[in-house]
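Summary of the model geometry
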Protein chains: 2
Amino acid sequence: MEEPSNEFALRAEQALRRSGGRITRRRRALLELLGSQRTPLGPRQLHRELLRRGARIDLVSVYRNVSALLALGLLHRVVGSSAVRPCREARARCHHAIVCSACGRAREFHSRALERALSEVRRATGFRVEEHVLELRGRCPRCRRSRLCRRRQSRSGGARSIGGSGR
Amino acid sequence: MEEPSNEFALRAEQALRRSGGRITRRRRALLELLGSQRTPLGPRQLHRELLRRGARIDLVSVYRNVSALLALGLLHRVVGSSAVRPCREARARCHHAIVCSACGRAREFHSRALERALSEVRRATGFRVEEHVLELRGRCPRCRRSRLCRRRQSRSGGARSIGGSGR
DNA sequence: ACGTTTTTGCAACACCGTTGCAACTACGGC
DNA sequence: GCCGTAGTTGCAACGGTGTTGCAAAAACGT
Ligand SMILES: [Mn+2]
Ligand SMILES: [Mn+2]
Ligand SMILES: [Zn+2]
Ligand SMILES: [Zn+2]
């Protein structure tokens, strides 16, 4: 059996084993891919990439594995999308993501000031906060310099126009 | 012609007119519903409620109207859901939502400290932040007291189990 | 190697939101 | 009020996404 080539794949295999799972060739291929990818991908994209790399795996299996990994907290889902990315910041500390709108790379960050602000909100609203979603989008330092950055997918769909001249 | 019964419906009709739209019976019914509702509803739920109230409208029209209202900035979408809620805080000031996990009511809030924290993140990560998603979930003050609060829908689906004994 | 348990592929399916098109309706102008 | 134009609606068909049942295949402890 091959050794996991990246740190994420290793952690994931351990976690899967611990929870009674098994390590199959396809699962390993998926873990390798997830761990090596710097930009979040959805099940479909993951599947395409796996096929391109010569792995034989069904899309359903990708879905099932992604679900399992999400449930184990090994992956995060990008807000408002089906794309996932490996959890980088190891432990339970509250952290959030910032995604580059140009190159698509995601980075996790942690902010003490943010946590303080959130507890201020807690006080101000009287809510007992159970969870929160926070994700930023913007241009990463690299992409701010070079504008030679591969464009990523456009913003979310929908946007029906009023006043029918909007063909 | 009827006068809009709530403040949201009024604002929305004006905005629609301004953008070249027309006010139909069905559209008005939808606006009334949206403006009177305190908890976010998705297109399907809106449609059901409209039928229950005796309005004759197709689900597709609800979708189209909701899209249009979102595009005009009159509605907000609840993060990770198709439910929408009227924009309460009138102007372009940055504001966010907090949703009660018990009764489902949504409230908008504004936090100076939060904005400061976000610009700190901007500095720390080197990203030029273009947009952000922030939404909180927790128990509202009312629901913290009475536990006689109608339960809302459970958390998001998915969650595939590892180690097949999870039937 | 063997038996048990998990994983996988396949096909069918449920669900959600979108689109083309023809009929209908609002509304400004007369 | 009637008319013409432009926006809106319903219907049916469609595409995409993620899920499920089931039987075959693979993993792994012994
Ligand atoms: Mn993480
Ligand atoms: Mn608002
Ligand atoms: Zn970038
Ligand atoms: Zn509540």
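For the structure, check the block above.
Conventions used here
- Residues numbered from 1 in each chain as written.
- Chains lettered and ligands numbered in written order.
- Predicted model: local features only at pLDDT ≥ 70, side-chain atom pairs only at ≥ 80, totals over all residues.
- Heavy atoms only, no water.
- Donors = N, O, S within 2.8 Å, 3.2 Å for Na, K, Ca; no water.
- Tetrahedral: all angles 85-135°; square planar, octahedral: opposite > 155°, others 65-115°.
- Helix = DSSP H or I, 4+ residues; strand = E, 2+ residues; numbered from the N terminus.
- Buried < 20%, exposed > 50% of the residue type's maximum accessible area, 1.4 Å probe, protein only.
- Pairing = 2+ DSSP bridges.
- Axes fitted to C-alpha atoms, helices over the stretch in contact; angles between N-to-C directions.
- Near = heavy atom within 4 Å.
- Polar contact = N/O pair within 3.5 Å; in protein donor to acceptor, adjacent residues only side chain to side chain.
- Core = buried A, V, L, I, M, F, W, Y, C linked by side-chain atoms within 4.5 Å.
- Contact = heavy atoms within 4.5 Å.
- Salt bridge = Lys/Arg side-chain N within 4 Å of Asp/Glu carboxyl O.
- Least-squares fit on C-alpha atoms with pLDDT ≥ 70 in both.
- Nonpolar A, V, L, I, M, F, W, Y, C, P; charged D, E, K, R; others polar.

On to the coordination of the zinc ion (ligand 3). Residue and element names in this part refer to chain A. Looking at the zinc ion (ligand 3), the protein donor atoms are Cys100 (SG), Cys103 (SG), Cys140 (SG) and Cys143 (SG), and they sit 2.3 Å from it. For the zinc ion (ligand 3), the 4 donor atoms in the first shell make angles of 104 to 120° at the metal, so the coordination geometry reads as tetrahedral. Counting along the primary sequence, the residues that act as donors to the zinc ion (ligand 3) give the motif C-x2-C-x36-C-x2-C. Of this pair, Cys100 sits in strand 3 (residues 96–100) while Cys140 sits in the loop between strand 5 (128–139) and helix 6 (141–145); the two residues are 40 residues apart in sequence, bridging distant segments of the chain. Residues Cys100 and Cys140 agree in their burial class; the two are buried.

Now for the sheet that holds strand 5 of chain A. Taking strand neighbours across the sheet as the criterion, the 6 strands line up as 4(A)-3(A)-5(A)-5(B)-3(B)-4(B) in an open arrangement whose pairing is mixed. The outermost strands of the open sheet, each flanked by one partner alone, are strand 4 (106–109) of chain A together with strand 4 (106–109) of chain B. If you compare each strand with its neighbour and ignore which way they point, the axes differ by 20° on average. Bridging between strand 5 of chain A and strand 5 (residues 128–139) of chain B involves 11 bridges; their strand directions are antiparallel. Paired with A:Arg137 across the bridge in strand 5 of chain B is B:Glu131.

With that out of the way, let us pick up the protein's contact with DNA strand C. Near DNA strand C you find 27 residues, and of these A:Arg22, A:Arg26, A:Ser61, B:Arg22 and B:Tyr63 are the closest. A share of 69% of the atoms of DNA strand C within 4 Å of the protein falls on sugar and phosphate groups. Interatomic distance of 3.3 Å between a side-chain N/O atom of A:Asn65 and a phosphate oxygen of DNA strand C. Between DNA strand C and B:Ile23, the relevant distance is 3.1 Å, taken from a phosphate oxygen to a main-chain nitrogen or oxygen of the residue. Among the elements of the structure, helix 2 (25–36) and helix 4 (59–71) of chain A together with helix 4 (59–71) of chain B are those that each provide at least two residues to the surface near DNA strand C. A total of 4 residues in the surface near DNA strand C trace back to one element, the largest contributor, which is helix 4 of chain A.

Core analysis: the biggest nonpolar cluster contains 32 residues, and A:Cys100, A:Leu114, A:Leu136, B:Cys100, B:Leu114 and B:Leu136 have the highest contact counts within it. Secondary structure elements with two or more residues in this core: strand 3, helix 5 (112–125) and strand 5 of chain A together with strand 3 (96–100), helix 5 (112–125) and strand 5 of chain B. The residues touching A:Cys100, leaving out its near neighbours within four places in the chain, are A:Arg105, A:Gly138, A:Arg139, A:Cys140, A:Cys143 and B:Phe127.

The next subject is the coordination of the zinc ion (ligand 4). All names here are of chain B. Distances from the zinc ion (ligand 4) to its protein donors, Cys100 (SG), Cys103 (SG), Cys140 (SG) and Cys143 (SG), fall at 2.3 Å. Taken together, the 4 donor atoms coordinating the zinc ion (ligand 4) and their angles of 104 to 117° define a geometry best described as tetrahedral. In this structure Cys100 comes out as buried when scored by relative accessible area, which is 2%. The exposure class assigned to Cys143 is buried, which follows from its relative accessible area of 1%.

A separate point is the pattern of salt bridges. Residues and elements named next belong to chain B. Applying the stated criterion across every chain, the model contains 15 salt bridges over all chains. Across the pair Glu49 and Arg52 runs a salt bridge whose closest N-O atoms are separated by 2.8 Å. Here Glu49 pairs with Arg52, and both are found in helix 3 (residues 43–52), just 3 residues apart, close to one helical turn. What makes Arg52 exposed here is its relative accessible area of 63%.

The two copies are related by a screw operation: chain A maps onto chain B through 180° of rotation and 0.0 Å of translation along the axis, at an RMSD of 0.0 Å. What the superposition gives is, in effect, a two-fold axis relating one chain to the other. It is A:Leu134 whose C-alpha, among those of chain A, lies nearest the rotation axis, at 2.2 Å. When the interface residues of chain A are mapped onto chain B, 100% of them again lie at the interface, so the same face is used by both copies.

What follows concerns the protein's contact with DNA strand D. Every one of the 28 residues lining DNA strand D counts as a neighbour, but A:Arg22, A:Tyr63, B:Arg26, B:Arg27 and B:Ser61 are closest to it. The sugar-phosphate share of atoms of DNA strand D within 4 Å of the protein amounts to 68%. A:Arg22 places a side-chain nitrogen or oxygen 2.6 Å from a base nitrogen of DNA strand D. B:Asn65 places a side-chain nitrogen or oxygen 3.4 Å from a phosphate oxygen of DNA strand D. At the level of elements, helix 4 of chain A together with helix 2 (25–36) and helix 4 of chain B are the ones that each hand at least two residues to the surface near DNA strand D. Counting residues per element, the surface near DNA strand D draws most heavily on helix 4 of chain B, at 4 residues. A per-class count over the surface near DNA strand D returns 6 nonpolar, 11 polar and 11 charged.

Everything listed is a geometric property; what it means functionally is a separate question.
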